Amino acid sequence: MNNVLIVEDDPQELYLLQSFLSGHGFQVTAASNGAEALEKARAGPPDLIISDILMPNMDGFALCREWKRDGRLKDIPFVFYTATYTDPKDEEFALGLGAERFIVKPQEPEVFLGIIKGVFTDHAAGRLVMTCAPPRDEEVYYREYNEVLIRKLEDKMVQAEETKRRLESEVAEHIRTEAALRGSEGKFRSLTRQFHALLDAIPDNITRQSPDLRVIWANRGAAAGLKKEAEDLVGNYCYTLWHARNTPCEVCPVLKTFRTGEPDLEIVTTPDGKTWELRSVPV
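The text that follows walks through the structure, step by step, so that each part is easy to find. Predicted model, so just to flag it, every value in this text is computed and none were measured. (Residues numbered from 1 in each chain as written. Predicted model: local features only at pLDDT ≥ 70, side-chain atom pairs only at ≥ 80, totals over all residues. Heavy atoms only, no water.)

1. Focus on the sheet that holds strand S1 (residues 3–7)
The sheet built from 5 strands is open, its strands ordered S2-S1-S3-S4-S5 with parallel pairing. Strand pairing shows two members of the sheet lacking a second neighbour, strand S2 (27–31) and strand S5 (101–104), which therefore form its edges. Across this sheet, the average inter-strand angle for adjacent strands is 20 degrees, counted without regard to direction. Pairing geometry for S1 and strand S3 (residues 48–51), over 4 bridges, is parallel. From the neighbouring strand, Val7 faces S3, where its bridge partner is Ser51. (Pairing = 2+ DSSP bridges. Helix = DSSP H or I, 4+ residues; strand = E, 2+ residues; numbered from the N terminus. Axes fitted to C-alpha atoms, helices over the stretch in contact; angles between N-to-C directions.)

Right, here's the structure in full:
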């Protein structure tokens, strides 16, 4: 059974990769950064290492450099697996450090597995030839390493600027939407006032009611019929105001209209013998 060392600081990514490889017959060892990976590899060398790049303590680039400088580890295939460093120049730098493969996340599981198996096959057949010798000169290494970091910083700045512009655009759109809604609400209130003014001019008893039969608006005809002010009717149950009941009428047209969405007309006789024609329409 081939032993794979995974180096990944994201617990979720580590778990997924570890589960995937274990499920395909690999023995897996895990490390959360380069320093830990070196310590574990020197204690028990794996058959292959798969490493992220952006990690604390020692990142993937520094790990690869140390790996290829170690006499016991340098011939063990080193595979980069990254979602952060995706520029072709990042890959060029990584392979220049001696890495055998550079894989950009995400990959289809079958594709990723095929690459890993291919590395094992090529390594067993002696086909893994280092593209170039890892730089021995400290100055050369750090100059190239700094170029990679600067390029990544520039990418982050570009992404931050794009994010800023996107957020500014979303805020502007939100402001426009709010303004449009305020305009719509203003038009709705104006139309409601006009509608109520028309109903106020009708001498009949007219109210607007909520689904629980509370009065939310009453015209002057309703107020005059009860010898009250219209605002005093608001908030009361219609059957209490007009029929002196504690429950709705047996056949309530308002409830029926709320239930069906259709107009209704019912004739109701009150306890004192008066007959009322109750008509309801959805508004």
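2. Things to note about the packing of helix H1 (residues 11–23) against helix H5 (residues 109–124)
Closest axis-to-axis distance for the H1/H5 pair is 12 Å, and the angle between their directions is 65 degrees. Taken as axis vectors, H1 and H5 run roughly perpendicular relative to one another. Between H1 and H5 the crossing geometry is right-handed. In this structure, H1 contributes Leu17, Phe20 and Leu21 to the contact, and H5 contributes Pro109, Phe112 and Leu113. Here the residues of the contact of H1 with H5 sort into 6 nonpolar, no polar and no charged. (Parallel < 35°, antiparallel > 145°, perpendicular 65-115°, else oblique. Left-handed = near helix turned anticlockwise from the far one by under 90°. Contact = heavy atoms within 4.5 Å. Nonpolar A, V, L, I, M, F, W, Y, C, P; charged D, E, K, R; others polar.)

3. Observations concerning the packing of aromatic side chains
This model, assessed by the stated rule, comprises 9 aromatic pairs. The interplanar angle of 75 degrees and the centroid separation of 5.2 Å between the aromatic rings of Phe61 and Tyr85 together place this pair among those described as edge-to-face. Note that Phe61 is positioned in helix H3 (residues 60–69) and Tyr85 in the loop between strand S4 (78–82) and helix H4 (88–96), a separation of 24 residues in sequence. Like Tyr85, Phe61 is buried. Taken together through their ring pairs, the aromatic side chains of Phe61, Trp67, Phe78, Phe80, Tyr85, Phe93 and Phe102 make up a single cluster. Positioned above the aromatic ring of Tyr81, the side-chain terminus of Lys105 is 5.1 Å from the ring centre. (Phe/Tyr/Trp six-rings, centres within 6.5 Å; stacked < 30°, edge-to-face > 60°. Buried < 20%, exposed > 50% of the residue type's maximum accessible area, 1.4 Å probe, protein only. Lys NZ or Arg CZ within 6 Å of the ring centre and 35° of its normal.)

4. Let's talk about H3
For the α-helix, the turn length of 3.6 residues means that residues three or four positions removed from each other point alike. Judged by how many residues are buried, H3 sits mostly within the fold: 7 of 10 residues are covered. Buried within H3 are the following residues: Gly60, Phe61, Leu63, Cys64, Arg65, Trp67 and Lys68. With a side-chain oxygen positioned 3.2 Å from the backbone nitrogen of Phe61, the residue opening H3 is Asp59. (Polar contact = N/O pair within 3.5 Å; in protein donor to acceptor, adjacent residues only side chain to side chain.)

5. Remarks on the pairing of S5
When S4 meets S5, the two strands line up parallel, connected through 4 bridges. Opposite Phe80, over in S5, you have Phe102 as the bridge partner. At this point the chain moves from S4, through H4, to the parallel S5, and the crossover so formed is right-handed. (Right-handed = clockwise from strand over helix to strand, strands pointing away.)

6. Considerations on unusual backbone geometry
The residue after Lys105, namely Pro106, is reached through a cis peptide bond having omega -10 degrees. Position of Pro106 relative to the elements: it lies in the loop between S5 and H5. Residues other than glycine seldom take positive phi values, yet Asn57 does so here, at roughly 65 degrees. In this fold, Asn57 is placed in the loop between S3 and H3. A positive phi angle, close to 75 degrees, is found at Leu213, a residue other than glycine. Mapping Leu213 onto the fold places it in the loop between strand S6 (207–209) and strand S7 (215–218).

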